[in-house]
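The lines below spell out each chain.
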Amino acid sequence: MAEELEYWAKGEDVSLRDAFGRVLLHAGAMRDDWVLLDADVAGGTGAKPFTQDMPERVMQFGIAEQNMMAAASGVADSGLIPVVSTFAAFGTMRAHEQFRTAVCYGQRNVKLCCSHHGLDVGPDGATAQALEDLATMRAIPDVTVISPADANEFMAAFHAVLDHIGPVYMRIGRSATPVLYDGPTSFTIGKADRLREGDDVTIIATGVMVARSLQAAETLKAEGINARVVNMATIKPLDNAEVIAAARETGAIVTAEDHSIIGGLGGAVAECLAAHQPALVEFVGIKDEFGKSGEHDELPALFGIDAAGVVAACKRAIARK
Amino acid sequence: MDNDQLIEQARLLRMHTIKAIYNATSGHPGGCMSIADILAVLYFDEMTLDPAEPSGRERDRFVLSKGHACPALYVALAMRGFFPMEDAYSLRKLNGYLEGHPDVRIPGVDAVSGSLGMGLSQGIGMALGARHQGLNYRSYVLVGDGDLQEGNTWEGMMLAPFQKLDNIVVIYDANKLQGDAPVSEQLDMGDVSERARAFGWNVIDIDGHDIASIKEALTQARNTKGQPTFIHADTIKGKGVSFMENVLYWHGSVAIKDEELAGAMSELGA
């Protein structure tokens, strides 16, 4: 029988890959209606504990992501839920057309869970640092896009993703990231979580940027600026109501993502605001360039996506009011 | 169904397909004609299907990887009772539901395709899913020359034998003409049977227009354990309509003129 899902303690630094491994084992024990599809990177995505303990639940494709993704469509047709896991550059780019056409247009219930996105990848450098995955996945009709902020939220989100019917793209963070949520954590797809109230500016953040945004809000508070912080773990469908409320109530928006400033969370928020509640926006993200090698805790400052970068963006936003 | 009956089904399939493409004013007749005999055997003899339950869990699956030949598939489905033939005649139209390339929203269509090279993998997924769940259905994938030029197909060609998938059959419609030129000029693939064999497949070479050979190959495939089967069907593009046979123009997408329709109908005994 399924054991109780064990959550991490708030304040610990935990990689979302560890959460992926843990929740796979938990969901594997709970239900037998899903299988894991891997392309020789279980050691990198965090799925290893599952592939070792439940090898009969794994479909191994070798390093052939296009085949794996189109096959996932067929596996879904057979009645199973395929959880496809690889690095974001391969899952969302090499196999993009297979995901778009065979999976999403094909109305297949496939869950694509990818690690190695953003500068969070670190030393592997630009090749592996997918900075475009949120933008390209979000553009596909009918797909749900999720980017959890910490290990506990990841595990709750994964269970919600398995329960959800339809294709999902989910980001698995690589580096150790502060645990922000107490367990047991709940997760509702499409619902933003306001982590901090404030009325001068709203930081809408996703993934690893949520913790940095909370840090930034602390710094701003010391300077007399009250920043609201929203964890936008679901990029699509976007929680429009929360975005509109932020614009109305704080009058300035900063988006923060470990992703290109083109087309990801910032793009989604800007589209929402342009349509419903025009407001000024500052974008924290990678500014239309490729990443580079470096440690995951060195690169953010270089590219302006550390807490200081968020602080600066908030001040720019407020100055524009 | 006996061979004479299947030959008759193939004739009807060709006739309705030409009419459907004529109505649509666009489509790919050449590649439909080359697979008509194969489709007739699959849909009227080989596969276990239930038009009343088009998404039944245990049904056999068919993936038309060369999705541009879907008019022939739609006609086969209509002939098997999945929807009325008049619907097949409305393909590619704004007010119809039969898309220009296969769409799973259409009753009886098991996979989306039309972007070449993705069909084999989808069939492999269906076969893996069947094995995982102990289901007995089989997965049939019809590929064309263009599919074999796509790298994705060869990823699947590697995996299926390695995984010893014996519940999948690939039928290769080797009609030797592709969109802009003969295959031999665009990207000649040499001895495809030898390549498939080297990848570990049970390869059967047949005349793709000989009903008895198609049936026999599918039976052999069914009896082959621990290995997937690759049926290399030598075919003629446009087969059955003399002025279309081996003529690149009829790859499509083309409109069929009134006099061409009349000629085709007369040859097909309509």
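Cut-offs applied
- Along every chain, residues carry numbers that run from 1 in the direction the sequence is written.
- Working convention: letters from A go to chains and numbers from 1 go to ligands, in the order in which they are written.
- Predicted model: local features are reported for residues with pLDDT of at least 70 only, side-chain atom pairs are reported and counted for 80 or more only, and whole-chain, interface and lining totals are derived from all residues.
- Computation of side-chain values: all heavy atoms of the structure, hydrogens and water removed.
- For helices the rule is a DSSP run of H or I covering at least 4 residues; for strands it is a run of E covering at least 2, with both sets numbered from the N terminus onward.
- Expected span of a helix, by definition, is 1.5 Å for each gap between consecutive residues, and there is one gap fewer than residues.
- Burial classification: accessible surface area is computed with a 1.4 Å probe over protein chains only, and a residue below 20% of its type maximum counts as buried, one above 50% as exposed, and the rest as partly exposed.
- The contact criterion used throughout is that any non-hydrogen atoms of two residues lie within 4.5 Å.
- Here the quantity called buried area is the total loss of accessible area, with a 1.4 Å probe, experienced by two parts when brought into contact, counted for both.
- A pair is scored as a salt bridge if a Lys or Arg side-chain nitrogen falls within 4 Å of a carboxyl oxygen belonging to Asp or Glu.
- Here a polar contact means two N or O atoms within 3.5 Å. Within protein one must be a hydrogen donor candidate and the other an acceptor candidate, and residues neighboring in sequence count only if both atoms are side-chain atoms.
- Under the grouping applied here, Gly and all other residues not named as nonpolar or charged are polar, the nonpolar ones being Ala, Val, Leu, Ile, Met, Phe, Trp, Tyr, Cys and Pro and the charged ones Asp, Glu, Lys and Arg.
- Pairing between strands is defined by DSSP: at least two bridges between the two strands are required.
- Interaxial angles span 0 to 180 degrees and are taken between N-to-C directions of axes, which are lines fitted to C-alpha atoms, for helices over the stretch in contact.
- Directions are taken from the helix axis to each C-beta atom, and the arc is the one they span.
- What fixes the domain bounds is an automatic or database domain assignment.

Peer 1: Which parts of the structure should I look at to understand helix H6 (residues 119-133) of chain B?
Peer 2: For the α-helix, the turn length of 3.6 residues means that residues three or four positions removed from each other point alike. Residue and element names in this part refer to chain B. Between its first and last C-alpha atoms H6 spans 21 Å; for 15 residues at 1.5 Å apiece the expected length is 21 Å, and the two agree. A large share of H6 lies buried, amounting to twelve of its 15 residues. For H6, every residue scored as buried is listed here: Gly119, Leu120, Ser121, Gln122, Gly123, Ile124, Gly125, Met126, Ala127, Leu128, Gly129 and Ala130.

Peer 1: Help me understand unusual backbone geometry in this model?
Peer 2: Among all residues save glycine, negative phi is the norm, and among peptide bonds the norm is trans. Cis geometry is found at the peptide bond from glycine 183 of chain A to proline 184 of chain A, where omega equals -10 degrees. By the secondary structure assignment, proline 184 of chain A is in the loop between strand S8 (176-178) and strand S9 (193-196). Proline 237 of chain A follows lysine 236 of chain A through a cis peptide bond whose omega is -5 degrees. Within the element layout of this structure, proline 237 of chain A appears in the loop between strand S12 (234-236) and helix H10 (240-250). The backbone phi angle of aspartate 40 of chain A is positive, close to 65 degrees, even though this residue is not glycine. Secondary-structure assignment places aspartate 40 of chain A in the loop between strand S2 (34-38) and helix H2 (42-45). Unlike most non-glycine residues, lysine 176 of chain B shows phi in positive territory, near 75 degrees. As for its position among the elements, lysine 176 of chain B is in the loop between strand S3 (168-174) and helix H9 (183-186).

Peer 1: For this particular structure, what's the right way to read the interface of chain B and chain A?
Peer 2: Often the size quoted for an interface is simply the accessible area lost on bringing the parts together. Listed per partner, the contact involves 30 residues of chain B and 27 residues of chain A. Sorting the residues of chain B by area buried against chain A places Arg105, His132 and Glu155 of chain B first, and these three jointly supply 26% of that buried surface. Put simply, chain B and chain A have two salt bridges between them. A salt bridge links arginine 61 of chain B to aspartate 77 of chain A, with the nearest nitrogen and oxygen atoms 2.7 Å apart. Linking chain B to chain A there are 13 residue pairs in polar contact (both at pLDDT 80 or more). Breaking the side of chain B that touches chain A down by element, the ones donating at least two residues are H6 and helix H8 (151-162) of chain B. Of the residues forming the side of chain B that touches chain A, the biggest block, ten residues, is contributed by H6 of chain B. Grouping the constituent residues of the side of chain B that touches chain A by class yields twelve nonpolar, ten polar and eight charged.

Peer 1: What's the story with the sheet that holds strand S2 (residues 139-144) of chain B in this structure? I'm lost.
Peer 2: Paired through backbone hydrogen bonds, the strands of a sheet run either parallel or antiparallel to each other. Residues and elements named next belong to chain B. Strand order across the open sheet formed by five strands is S1-S2-S3-S5-S4, with parallel pairing between neighbours. Because the sheet does not close on itself, it has two edges, and the strands there are strand S1 (61-64) and strand S4 (202-207). With direction set aside, neighbouring strand axes in the sheet form an average angle of 20 degrees. Where S2 meets S3, six bridges bridge the pair, whose relative direction is parallel. Bridged to tyrosine 140 within S3 is valine 169. Contacts from H6 reach S1, S2 and S3, with the element oriented near 170 degrees to S2.

Peer 1: In this structure, what is going on with helix H12 (residues 258-267) of chain B? I would like to understand it.
Peer 2: All names here are of chain B. Among all positions of H12, only Glu260, Leu261, Ala264 and Met265 are buried. Down the axis of H12, the smallest arc covering the buried residues is 130 degrees, so these residues share one side. Of the exposed residues in H12, those oriented more than 90 degrees away from the buried face are Asp258, Glu259 and Ser266. Taken together, the buried residues of H12 touch helix H1 (3-24).

Peer 1: How should the domain arrangement of chain A be read in this particular structure?
Peer 2: All names here are of chain A. As far as domains go, chain A holds domain 1 (13-178) and domain 2 (193-320). Spacing between the C-alpha centres of domain 1 and domain 2 amounts to 25 Å. Tallying the contact residues gives 31 residues for domain 1 and 33 residues for domain 2. With both sides pooled, the region where domain 1 packs onto domain 2 buries about 2,400 Å², and carbon together with sulfur makes up 57% of that total. If you sort the residues of domain 1 by the area they bury against domain 2, Leu119, Leu131 and Arg138 come out on top, with a joint share of 32%. The tally of links from domain 1 across to domain 2 stands at one salt bridge. When the shortest N-O distance is used, the salt bridge between glutamate 271 and arginine 138 registers 2.8 Å.

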